[in-house]
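Results of the structural survey
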Amino acid sequence: MGAGHAGCEAALAAARLGASCLLVTINSDHIATLSCNPAVGGLAKGHLVRELDALGGEMGRNTDATGIQFRLLNRGKGPAVWSSRAQVDIDRYPRRMRGVCLAQPNLWLLESEVRGLVVHQGRVAGILPARGGEIAARSVVLTTGTFLRGVIHVGLTQTPGGRLGDPPADSLPVQLGELSLRLGRLKTGTTPRLDARSLDLDSLPEQPGDDQPRLFSFLSRAPALPQRVCWLSHTTEATHQIIRENLDQAPMYAGRITGVGARYCPSIEDKVVRFAHKDSHQIFLEPQGLDSGLIYPNGIPTSLPLDVQRRMVRTLPGCQNAFIVRPGYAIEYDYSDPRDLWPWLESKLLAGLFLAGQINGTSGYEEAAAQGLWAGINAVRRVRGQEPVVLDRSQAYLGVLIDDLVTRGTQEPYRMFTSRAEFRLTLREDNADLRLTPLGRELGLVEDARWAVFCAKRGQIDQAWELLQQVRLNPSAALNDRLAALNSAPLRRPLRAEELLRRPEMGLADLASLHPALAGLARLEPQAAEQVAIRAAYAGYEEREREQVERFRSREQVAIPPDMDYQDLPGLSHEAREKLSRVRPASLGQAARISGVTPAALAVLSLHLHARARAGRPAAVD
């Protein structure tokens, strides 16, 4: 239910696993619409898209096919925090995704609002389309985005809507509340769209993409579309003055909005108030597509009245005569407390119901798509009577995302950052396929062609790594002369080739020239070569992190029965009982991450589980 980024990934995953799947959307022309920024990826979000691709998802391939600018962020830092970002064509992206969905076997599309769920004996049994009747289903995935009781704000004017131009879904949240799902209100917003012809872009500095673009899919080799530049502008004191003078017309400051906004993507009004000491904020003027003619001014999401938006925008350098084609707006919507979900994204309150995307309190296309894929996989497994699959925090950013949501919940739109991952040295963009493609193959989402490409790459990496361990280079005058020519220190003792590769100035091609046995390193495919070089640089760090992962997993493997009665467990504080009963953690490790569950409470819980096991009762559910 819902054909945004979460809904498309859920439906495609289910259908590709062989399940008969129906994708229901209010407007079939708006499948995978980019309601806000026409971009995919960014800090930590790029990790999620590459993990999606490694598992067999579609977002990475769709981005590569429709991207008009690719940039690798954090290039000056280590590979663990490199993050890919792409500007995409706002029309071509949804058009291609719609085509993929319509061409997918086992997947059908229905244009309709859904007024409710069919519930039978404590589990979901289907949906109730607004046109009447009911459609039976053994699993239902809710990916409703910003549509649940959505309200659009422009100035002090309020309009019902799931996004500009689409109606809200008002019936469904009433039933969800009756089913005891805990609903709250969140808020997000977008920027005005500008006519490119009204801007003086030639007066602004350009921001080009990378000369050698890093794409999202491990199957892609080059961008499919011509590449475009963006332009840099900034707010001025005049901008800030106009905003300050009109805060009484900003719905957030006038008390018209009750939902909590995104901390890390605030409106320009919020920026000016919260960061009053700053004289200027950078603005990126981004083309919406090859044929669009519209510019997205990234950095000024706003819900001020249109006339104020017009005056504000015209204070930006290069925008003195800007014409606003569509105003910026804020949107409020219902979300469901994600602590009511199991770690496989199934509701604890209604069997067979899965939730993914912004309904779980997240922000961003990437967080939504990642959840959608995982919900789709587990919805199919529920139908087939198979055990759900769970990713832990040591396996993927997707595991971090879901664990954060179902364990800690959120009271503001959740955004992924690399700092949220304890094991980010090993959870890198570059190795997402090595970490997750075997799992995707096991689950049935990685097709033969992708598997063959992956196995060839993995084989090259393994062979090269074995060679680097075996070949030793001994000090000699000739070798040291070659090292000097490479601005590298001479050898004082024999070194394995892998140790020499750790030197920051030493590349694989340089190393290949130092010994005949290493000549093959120069012929590695680029992706394999990059992985070998990074593995050498990170070898010591990864070894230490592996030890931390083992300690982490020892707690994760101590499962807690879902029917555990915490109220009768002696030695727990009232707060611990309340928090444990609310979250119902699946493992001792998850319990440890619940705010308010102290080390003393964990010790009590651990002792109880061991005593339960010794008494012959199951301490875990497989």
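Described below are features of the structure shown in this document.

Conventions used here
Residues numbered from 1 in each chain as written. Predicted model: local features only at pLDDT ≥ 70, side-chain atom pairs only at ≥ 80, totals over all residues. Heavy atoms only, no water. Phe/Tyr/Trp six-rings, centres within 6.5 Å; stacked < 30°, edge-to-face > 60°. Helix = DSSP H or I, 4+ residues; strand = E, 2+ residues; numbered from the N terminus. Buried < 20%, exposed > 50% of the residue type's maximum accessible area, 1.4 Å probe, protein only. Lys NZ or Arg CZ within 6 Å of the ring centre and 35° of its normal. Core = buried A, V, L, I, M, F, W, Y, C linked by side-chain atoms within 4.5 Å. Contact = heavy atoms within 4.5 Å. Salt bridge = Lys/Arg side-chain N within 4 Å of Asp/Glu carboxyl O. Pairing = 2+ DSSP bridges. Expected span 1.5 Å × (residues − 1). Arc of directions from axis to C-beta.

Under the criterion given, the structure shown has 4 aromatic pairs. A centroid spacing of 5.5 Å and a plane angle of 65° characterise the contact between Phe423 and Phe552, whose relative ring orientation is edge-to-face. Of this pair, Phe423 sits in the loop between helix H10 (397–408) and helix H11 (432–443) while Phe552 sits in helix H16 (residues 526–556), and the two are 129 residues apart along the sequence. Across the pair, exposure class does not vary: Phe423 and Phe552 are buried alike. Residue placement shows Arg50 over the ring face of Phe218; its charged tip is 4.2 Å from the ring centre.

Attention now goes to the nonpolar core. Judged by nonpolar contacts, the single largest core of 90 residues is most densely connected at Leu117, Leu142, Trp374, Ile377 and Leu398. Once residues within four sequence positions are removed from consideration, Leu142 is found in contact with Met1, Leu117, Leu172, Leu176, Leu353, Phe354, Leu355, Ala356 and Ile359. One finds Trp465, Met506, Leu521 and Val532 within the second-largest nonpolar core, a separate group that totals 25 residues.

Another aspect to go through is the pattern of salt bridges. Under the counting rule described, the total for this entry stands at 41 salt bridges. Across the salt bridge formed by Asp334 and Arg185, the nearest N and O atoms sit 3.0 Å from each other. Taken as a pair, Asp334 in strand E19 (residues 329–336) and Arg185 in strand E12 (residues 183–190) lie far apart in primary sequence, 149 residues in all. Exposure remark for Asp334: the relative accessible area of 3% places this residue in the buried category. Among the residues examined, Arg185 registers a relative accessible area of 25% and is labelled partly exposed. Taken together, the shared-partner salt bridges connect Arg393, Asp403, Asp404, Arg408, Glu422, Glu556 and Arg593 into one network.

By the criterion of burial, strand E1 (residues 21–25) is predominantly enclosed, with 4 of the 5 residues buried. As judged from the 5 bridges shared by E1 and strand E5 (residues 107–111), these two strands associate in the parallel manner. Looking at E5, one finds that Thr25 is bridged to Glu111.

Once that is clear, we can look at helix H4 (residues 92–103). Here H4 is 12 residues long and its end C-alpha atoms lie 16 Å apart, about the 16 Å a rise of 1.5 Å per residue gives. Listed in full, the buried residues belonging to H4 are Tyr93, Pro94, Met97, Val100 and Cys101. What you see down the axis of H4 is that its buried residues fit within an arc of 120°, all on one side. Among the exposed residues of H4, those pointing more than 90 degrees away from its buried face are Arg95 and Ala103.

By the element assignment, Ala485 lies in helix H13 (residues 477–485). Each C-alpha atom, one on Ala485 and one on Thr235, is 49 Å from the other, the two residues being 250 residues apart in sequence.

For the rest of this paragraph, the subject is the environment of Val174. Among the secondary structure elements, Val174 is positioned in helix H5 (residues 172–178). Sequence-wise, Val174 and Ala601 are 427 residues apart; in three dimensions their C-alpha atoms are separated by 37 Å.

These values are about where atoms sit, not about what they do.
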